[in-house]
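Analysis of the macromolecular model
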Amino acid sequence: MSPGCLAAAAYVTVLLSSTVAARDALALSTVEGQDSSGPARAPVAQTKPAADPVPQMEQALAKSPDDPKVNVALALAYFDRGEHARALERLQHAVKVAPDSSEAHNWLGVVLIDRADFPKGIAALRKAVALDPKYARAYANLGSALAESGDLDEAVEVFRQALALEPESMTAHFNLG
């Protein structure tokens, strides 16, 4: 899987984890200029631009600088904005303050792989699955990293592990064909 696909996975995670943006993403309104005496018209869906979650997350980080979940969420938001160095910094801090966080190790691995640092990225992803052997997303990310680094045999095995844990894993299905 290309770094772009890993970035897309991180992007989807940021969108899904931002409850405020998800809740506010779709607003219903009636058609402007509707004559109230005529037949009612169905509401029209209008999309509102999602609010940038970074300022709010930075405020949360200021209050709890060692909270690994805040660091990971902010890192993913930075990554989404293309601020990869800042994302890496937040993830490295998350791993430092929460060395047992499989999520922090997983996303650190994804960002490192995106930067083409395969040895460190694969090591972080291996740590994520070692910390949480049931973390299907980490297995899928590890499989993608292994495939991208050329270790196709191990990648196939890791994707199979991901599918055993999460039979609907799109990443694993896509990569196994």
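Residue positions are given per chain, counted from 1 along the sequence in the order it is written. Local features in a predicted model are, by the rule used here, given only for residues with pLDDT of at least 70; side-chain atom pairs are given and counted only at 80 or more, and totals for whole chains, interfaces and linings are based on all residues. Side-chain metrics rest on all non-hydrogen atoms present in the structure, leaving aside hydrogens and water.

1. Focus on the overall build of the protein chain
Of regular secondary structure, the protein chain possesses 10 helices and two strands. Counting from the N terminus, the helices are DSSP H or I runs at least four residues long and the strands are E runs at least two residues long. Scanning the protein chain from its N terminus toward the C terminus, one meets helices and strands in the order α-α-β-β-α-α-α-α-α-α-α-α. Going through the 177 residues of the protein chain one by one, you find that 37% of them count as buried. Here a residue-residue contact requires only that any non-hydrogen atoms of the pair lie within 4.5 Å. By sequence separation, contacts in the protein chain at least 24 residues apart represent 43% of the contacts at least 6 residues apart. The accessible surface values rely on the Shrake-Rupley method and a 1.4 Å probe; as for residues, cover is taken only from the protein chains in view. In the structure as shown, the protein chain presents an accessible area of about 10,000 Å², 56% of it carried by carbon and sulfur atoms. To sort residues, take the accessible area from a 1.4 Å probe on protein chains only and compare it with the maximum for the residue type: under 20% means buried, over 50% means exposed, and anything in between is partly exposed.

2. Description of helix α7 (residues 118–131)
Helix span is expected to be 1.5 Å times the residue number reduced by one. Taking 1.5 Å per residue as the helical rise, α7 with its 14 residues ought to reach 20 Å, and the 20 Å between its terminal C-alpha atoms agrees with that figure. Among the residues of α7, F118, G121, I122, A124, L125, A128 and V129 are the ones counted as buried. An end-on view of α7 places all buried positions within 160 degrees of arc, on one side of the element. In this structure, α7 carries P119, K120 and A130 as exposed residues pointing more than 90 degrees from its buried face. Those residues of α7 that are buried are in contact with α6 (102–114) and α8 (136–149). Put simply, D117 is the residue that caps the front of α7, since its side-chain oxygen is 3.4 Å from the backbone nitrogen of K120. In this description, one arc is meant: the one made by directions from the helix axis to the C-beta atoms. What qualifies as a polar contact is a pair of N or O atoms within 3.5 Å, subject to a donor-acceptor requirement within protein and to the restriction that residues adjacent in sequence count only when both atoms come from side chains.

3. Considerations on the environment of A75
Of note, A75 is situated in helix α4 (residues 68–80). When sequence neighbours within four positions are dropped, the list of residues in contact with A75 reads A87, R90 and L91.

4. Here we look at the pattern of salt bridges
Two side chains bearing opposite charge may form a pair once their charged atoms approach each other closely. Take a side-chain nitrogen of Lys or Arg and a carboxyl oxygen of Asp or Glu: if they are within 4 Å of each other, that pair is a salt bridge. By the definition in use, this model includes seven salt bridges. In this structure, the salt-bridge partner of R81 is D52, at a minimum N-O distance of 3.7 Å. With R81 in the loop between α4 and α5 (84–97) and D52 in the loop between β2 (44–47) and α3 (54–63), this pair connects stretches of sequence that are 29 residues apart. Classification of R81 by relative accessible area gives partly exposed; the value is 41%. Classification of D52 by relative accessible area gives partly exposed; the value is 40%. Residue E83 pairs with R86 through a salt bridge whose shortest N-O separation is 2.8 Å. Residue R86 is classed as partly exposed on the basis of its relative accessible area of 38%. Look at the salt bridges and you will find they share partners, linking D52, E58, R81, E83 and R86 into a network.

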